[in-house]
Structures are given as C-alpha cells and as structure tokens.
Protein chains: 2
Amino acid sequence: MRYISFDGEASISPDEFFMNEALREAREALKEDEIPIGAIVTCKGQIIGRGHNLTERLNDVSAHAEMQALTAAANYMGGKYLKDCTLYVTMEPCVMCAGASYWFQVGRIVFGAYDTKLGFGRLNQKITHPKTIITGGIKENECAQLVRDFFKSKRQKT
Amino acid sequence: MRYISFDGEASISPDEFFMNEALREAREALKEDEIPIGAIVTCKGQIIGRGHNLTERLNDVSAHAEMQALTAAANYMGGKYLKDCTLYVTMEPCVMCAGASYWFQVGRIVFGAYDTKLGFGRLNQKITHPKTIITGGIKENECAQLVRDFFKSKRQKT
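The residue numbering used here restarts from 1 in each chain and proceeds along that chain's sequence as written. The naming scheme follows written order: chains are lettered A onward, ligands numbered 1 onward. For this predicted model, a pLDDT threshold of at least 70 governs which residues receive local features, and a threshold of 80 or more governs which side-chain atom pairs are given and counted, while totals over whole chains, interfaces and linings are taken from all residues. For the side-chain quantities, the full set of heavy atoms in the structure was used; hydrogens and water were omitted.

By the naming in an unreviewed UniProt entry, chain A goes by tRNA-specific adenosine deaminase and is assigned to Mucilaginibacter straminoryzae. UniProt positions are given in the numbering used here, feature names are shortened, and annotations may be inferred rather than shown by experiment. A UniProt comment under Subunit (unreviewed entry) is attached to chain A, and it reads "Homodimer." What UniProt records for chain A under Sequence similarities (unreviewed entry) is the sentence "Belongs to the cytidine and deoxycytidylate deaminase family."

Structure representation (structure tokens):
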C-alpha cells in the first residue's frame, strides 16, 4: 500500500512510517554499540511503547527490543493485553519474543528484515497468538543493512 | 535416580531436592494469589537464582518464574550465559521461556509438570539451545496439583 498525498507527491504508508520509528530506535542501539534492532508498539496510530536492544548494557541476553517495547506498551495501557496494538520491529522476532507476543495477545506484528536462522518464522507451527496478524519485509533492506554493517564493523575491529 | 543414605533410609535425588526449592517458590507465588509456578537456577549444586510467577503483581504477562530466575542467575554470575547451570521449574516452560533459555544457553532444564497445551515440548522442532539437556516429570504430581488446586479454587470463587 502506497499513499499519494494530495499534491501528487508519493507518500509513505503507515507501516513504513512506523517502521521508520522502529529504525530510529535501532539507531539508538547502534549509538550504544548494541546490535541495532529497534521496536515500537502502536495503538490506534499512536506510539505507546518503544525499545531497542539492550543486551550489552543490561548484560542480559533476553533484553531484546521487542521485550522492552511490549512491556512499556502494556505498562502504558495499564492492562495486560495488546490486542488492538501493533508491534513494529526492524528484525523478525526470535522465538522468545514471538512467544512473549502470544502472552500479550499482540494484534499485529510488522517486521523489517527476515531472520531465517533465528526468526520465529522458521518454525513450522504457529507460536504467536491465533489472532495475531503477521507482516514481514517492511523496509527490509534498510533494516537488514543496519545489522549487516554493524557486524561487518565488528569483524574489522577484531 | 534415587539415593540411599548411609543408614539405609531412602533419600531424595539432587533433582528432587532442587525441585522442592522450585516448589517453595511456587508456594510464594500462591501466597500472592499468582498462578503457583516457581523456578530456581543452580550452578555446581548452589542456587544462584530464584523466581516465581509475578504476572499479576507486575501486571506483566511475560513475568514468568523462569524469566525472573534466569535473569537473577545471569546477574549473579555477572556474565551472559548459563552453560553450566540448571533451570528447575515446576511447570514445563512455555515457548517464550524456552526461547529465553536458548539465549542464556542454559546447560540443563528440569521441569515438574508437563504442559501439553502451552509447553514448548508440543513443538516438533527444538527451540532450546542445541546443548541444553531436558528432563521432565520430576515431582510431577506435586507440581501439577498445586496449579490444579489454584484454578479449582478460582473457579469456585467466581
């Protein structure tokens, strides 16, 4: 879906708009020398949770961008579930994060780059909530490039 | 494995001993009107992390016993991985928690009651770390009964 603004100039879709916000979070991670993955949670067009990868800073391998964004969003909502919410994340969630989205009953997950090795999509059984709608590949190249560049620079340093 | 003490009296195995500790955590959850699931993490026979279900108190559906115990243990270790550690948990971990154990590279998972509906064992692909050894059914009845009684009392109240 691509929106055309009234003056005929090509505009971006809501998914691209919010993925840009997730990318902003990913760049925050990059500044802190973390694997650049970012996430946001929206509800009715409003951002209600943000997060980026904090595994190094928190010395916690489970401190993924999605976990931060989901708990922040649930905290903001004051409730347990995120049924009417969308999780935007720059990289396909891992099994842990997809498993977390089950408990939060996330309405929709939109991710950027595919992760064929560790992404939840490699499983041949659905582990997200039955009602969760999945969209992958939004701003895929930009999201993937950020992570590729990060690991490339790490390899060059060692 | 059942150990016999020197005076011929039947003793409990290390797994049963530590599952009792996880059960102690589960009963802490029960006191707080949480679903009674408890977990501990051991390293070389020492308990280095404890946790129980806190989903109600924290109003966070991802605040499972395993997540508390794993992060507490990693924090205690001051490192990222729990390769030489065992996670004892009264209920078969869900997909999120098993997914978390992958990142922590947990050496061994020992659980009590099986959870055929939401446990990670229902998946036909391995989601734990390739090196993680799994043992299920330790003090199974006691672990399951605690949860069954909890839900029974909840139904009676409503």
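A. Examining the sheet that holds strand E4 (residues 108–113) of chain A more closely. Residue and element names in this part refer to chain A. Judged by pairing direction, the sheet is mixed, and its five strands sit side by side in the order E2-E1-E3-E4-E5 without closing on themselves. What marks the edges here is a single partner per strand, and that holds for strand E2 (46–52) and strand E5 (133–136). Shown here is a sheet whose adjacent strand axes are inclined to one another by a mean of 15°, direction ignored. Paired strands are those between which DSSP finds at least two bridges. In this description a helix means any DSSP run of H or I spanning at least four residues, a strand means any run of E spanning at least two, and both kinds are numbered starting from the N terminus. Here E4 pairs with E5 via four bridges, running parallel. Within E5, the position partnered with Phe 111 by the bridge is Gly 136. Every angle, taken between N-to-C directions, lies between 0 and 180 degrees, and every axis is a line fitted to C-alpha atoms, over only the stretch in contact when it is a helix.

B. Up close: the pairing of strand E4 (residues 108–113) of chain B. All names here are of chain B. Type-normalised accessible area, obtained with a 1.4 Å probe on protein chains alone, sets the label of each residue: buried when under 20%, exposed when over 50%, and partly exposed for intermediate values. Most of E4 sits inside the fold, with five of its six residues counted as buried. In this structure, strand E3 (residues 85–91) lies alongside E4, joined through five bridges in parallel fashion. From the neighbouring strand, Thr 86 faces E4, where its bridge partner is Arg 108. Handedness is read with the strands pointing away from the viewer; a crossover is right-handed when the path from the first strand over the helix to the second is clockwise. Handedness of the crossover is the feature at issue here: the chain leaves E3, passes through helix H3 (residues 95–104), returns alongside E4, and the resulting connection is right-handed.

C. Spatial organisation of the UniProt feature "binding site: Zn(2+)" (unreviewed entry) in chain A. Those residues carrying the UniProt feature "binding site: Zn(2+)" (unreviewed entry) are A:His64, A:Cys94 and A:Cys97 in this numbering. Across 34 residues of sequence, these annotated residues stay compact in space, with a maximum C-alpha separation of 9.2 Å. Along the polypeptide, A:His64 turns up in the loop between E2 and helix H2 (65–77). Note on contacts: a residue pair is in contact if any heavy atoms of the two residues lie within 4.5 Å. Aside from chain neighbours lying at most four places away, what touches A:His64 is A:Asn53, A:Thr55, A:Cys94, A:Met96, A:Cys97 and B:Trp103. Tracing the sequence through the fold places A:Cys94 in the loop between strand E3 (85–91) and helix H3 (95–104). Given a relative accessible area of 6%, A:Cys94 falls into the buried group. Not counting the four nearest positions on each side in its chain, A:Cys94 is found in contact with A:His64, A:Glu66, A:Leu118, A:Gly119, A:Phe120 and B:Trp103.

D. Examining the relation of the copies chain B and chain A more closely. Take chain B, turn it by 180°, move it 0.0 Å along the axis, and it overlays chain A with an RMSD of 0.0 Å. Both chain copies can therefore be described as sitting about a two-fold axis. Considering only C-alpha atoms, the part of chain B nearest the rotation axis is B:Met96, at 2.0 Å. A symmetric contact is evident, with 100% of the interface residues of chain B recurring at the interface of chain A. All copies are superposed by least squares; the fitting set is the C-alpha atoms of residues with a pLDDT of at least 70 in both.

E. Structural context of H2(A). Here a helix's expected span is defined as the number of its residues, less one, multiplied by 1.5 Å. Taking 1.5 Å per residue as the helical rise, H2(A) with its 13 residues ought to reach 18 Å, and the 18 Å between its terminal C-alpha atoms agrees with that figure. Its buried side turned inward, H2(A) meets strand E1 (38–43), E2, E3 and H3 of chain A together with helix H2 (65–77) and H3 of chain B. Just downstream of H2(A) lies A:Gly78, where phi reads positive at about 70°.

F. Structural detail: the packing of helix H1 (residues 14–31) of chain A against helix H4 (residues 140–157) of chain A. Residue and element names in this part refer to chain A. Their axes nearest at 10 Å, the elements H1 and H4 cross at an angle of 10°. Between H1 and H4, the angle is such that the two are roughly parallel. Residues Met 19, Leu 23, Ala 26, Arg 27 and Leu 30 of H1 form the contact with H4, whose participating residues are Glu 142, Cys 143, Leu 146 and Phe 150. As a working rule, the residues Ala, Val, Leu, Ile, Met, Phe, Trp, Tyr, Cys and Pro are called nonpolar, Asp, Glu, Lys and Arg charged, and the rest polar, with Gly in that last group. When grouped by side-chain class, the residues that make up the contact of H1 with H4 number seven nonpolar, no polar and two charged. What sets the label is the angle itself: under 35 degrees gives roughly parallel, over 145 gives roughly antiparallel, 65 to 115 gives roughly perpendicular, and the rest give oblique.

G. Examining the environment of B:Gln46 more closely. Residues and elements named next belong to chain B. With respect to the helices, strands and loops of the structure, Gln 46 is situated in strand E2 (residues 46–52). When the C-alpha atoms of Gln 46 and Val 61 are compared, they prove to be 29 Å apart, with 15 residues separating the residues in sequence. Ignoring anything within four residues of it in the chain, the contact list for Gln 46 reads Val 41 and Tyr 76. Definition of a polar contact: a pair of N or O atoms within 3.5 Å, with one able to donate and the other able to accept a hydrogen when the atoms are protein atoms, and with sequence-neighbouring residues admitted only if both atoms are side-chain atoms. Within the structure, Gln 46 has its side chain in polar contact with the side chain of Tyr 76 (distance 3.2 Å).

H. Representation of the state of the cysteines within the structure. Throughout, a disulfide means two cysteine sulfur atoms within 2.5 Å of one another. Going through the model one piece at a time under the given rule, you end up with zero disulfides over all chains. Unpaired in terms of disulfides, A:Cys85 finds its nearest cysteine sulfur in A:Cys43, a separation of 3.9 Å. Relative accessible area serves as the criterion here: at 1%, A:Cys85 is assigned to the buried category. Here B:Cys143 stays unpaired: no disulfide links it, and the sulfur of B:Cys97, its closest cysteine neighbor, is 15 Å away.

I. Focus on the packing of aromatic side chains. Only the six-membered ring of Trp is used, alongside the rings of Phe and Tyr, when aromatic pairs are assigned; centres must lie within 6.5 Å, and planes under 30 degrees apart are stacked while those over 60 apart are edge-to-face, with the rest tilted. Tallied over the entire structure, the rule returns 12 aromatic pairs over all chains. Here A:Phe111 and A:Phe120 contribute two aromatic rings whose centre-to-centre distance is 6.5 Å and whose plane-to-plane angle is 80°, an arrangement assigned as edge-to-face. By relative accessible area, A:Phe111 is classed as buried at 4%. Ring centres of B:Phe150 and B:Phe151 lie 5.3 Å apart, and the angle between their planes is 80°; this geometry places the pair in the edge-to-face category.

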